[in-house]
Amino acid sequence: MAAPMELSCWGGDWGLPSLHPESLTVMAYAKFSGAPLTVNTINNSWRASKGDVPTLTSEDIVISQPAKILNFLRKQKYNADYELSAKQGADTLAYIALLEEKLLPALLHTFWVEAENYCSVTKPWFASRIAFPLSLYLPGKMSREALNRILLTRGGPPLYSLTEVEAQIYRDAKECLNLLSKRLGTSQFFFGDTPTTLDAFAFGFLAPIYKVCFPRVQLQEHLKQLPNLCRFCDDILACYFKLTVSDPALIISLQMDDNLRKSPQHPPRKLTTLKLAAGGEEGSPLNRLSP
């Protein structure tokens, strides 16, 4: 009998099983491959302080980072890619690299750096799911890590202004979305009728952009002009997660403490040049997909 497997991850809202791209990627792959995961969402838990979500636990084995979790699931014979050819496997790696290089920086910026989005949505949402007093500190730390990640991957000599970096990452992200849309075409999934690792990663990146209601929606507006990518996200949610916006029993509502609502929400610190926030290199490992 196989050992039970538990996945600790951030929870969901807006019709998503999780708002966290890494968590969504692992959850989607588990659905595609038939892996029997027990999902435990963070809710006023000190587990959030470790910053290694999602985490897979099986007996005495603890694994974090999506790529390592997916490799572990494959070793347990839960493989969503067993029908792929060698060329399709190479294409999978290439498109995942494209997502990480071109789309991830804009995704991080939308959630964690864009001041209006961070103050009105991201910070209160995550703070409401983190134990006090850690809730006063951790969202800001995650925002700084996201900014550092963007600057480490997209900034370089000669020094550019943050405004120029922001403009470039959104151009890159829109180009990436266009390429994904062209690759998907009229197919249900990227390699035909069966979802694979690439579909899990694409869903993890696209669904939060598509579904979360932000006041600043530059990237979401572009995504909604690509109906096949929107249909791709909707189909996975309907077929594999059975979540619909009209089903209140399955949607985790946004709940914030009254004190949190009344407390001042400080936007992330704006930088005029490419300087890392304190502790950037240690707090923002490059092998993570998001904070």
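Up top is the structure.
Described below are features of the structure shown in this document. (Residues numbered from 1 in each chain as written. Predicted model: local features only at pLDDT ≥ 70, side-chain atom pairs only at ≥ 80, totals over all residues. Heavy atoms only, no water.)

## Some points on the sheet that holds strand E4 (residues 61-64)
Alright, step 1. Taken in spatial order, the four strands make up an open sheet running E2-E1-E3-E4, and their pairing is mixed. Taken across any chain shown, the strands that pair with only one partner, and hence form the sheet edges, are strand E2 (37-42) and E4. Neighbour-to-neighbour, the strand axes of the sheet open up by a mean angle of 20°, direction not taken into account.
Alright, step 2. Across the face of the sheet, helix H2 (residues 66-75) comes into contact with strand E1 (5-10), E2, strand E3 (55-58) and E4 while running at roughly 135° to E4. (Pairing = 2+ DSSP bridges. Helix = DSSP H or I, 4+ residues; strand = E, 2+ residues; numbered from the N terminus. Axes fitted to C-alpha atoms, helices over the stretch in contact; angles between N-to-C directions. Contact = heavy atoms within 4.5 Å.)

## What to know about the packing of aromatic side chains
Alright, step 1. Tallying each qualifying case throughout the model produces ten aromatic pairs.
Alright, step 2. Ring centres 5.0 Å apart and planes at 75° place the aromatic pair Phe32 and Tyr240 in the edge-to-face group. With Phe32 in helix H1 (residues 21-33) and Tyr240 in helix H9 (residues 227-241), the pair connects residues that are 208 residues apart, well separated along the chain.
Alright, step 3. The exposure class assigned to Phe32 is buried, which follows from its relative accessible area of 13%.
Alright, step 4. The class of Tyr240 is partly exposed, set by a relative accessible area of 24%.
Alright, step 5. Through a chain of ring-to-ring contacts, three or more aromatic side chains come together here, namely Trp10, Trp112, Tyr118, Trp125 and Phe126.
Alright, step 6. In this structure, Arg129 packs its charged tip against the face of Trp125, placed 3.9 Å from the ring centre. (Phe/Tyr/Trp six-rings, centres within 6.5 Å; stacked < 30°, edge-to-face > 60°. Buried < 20%, exposed > 50% of the residue type's maximum accessible area, 1.4 Å probe, protein only. Lys NZ or Arg CZ within 6 Å of the ring centre and 35° of its normal.)

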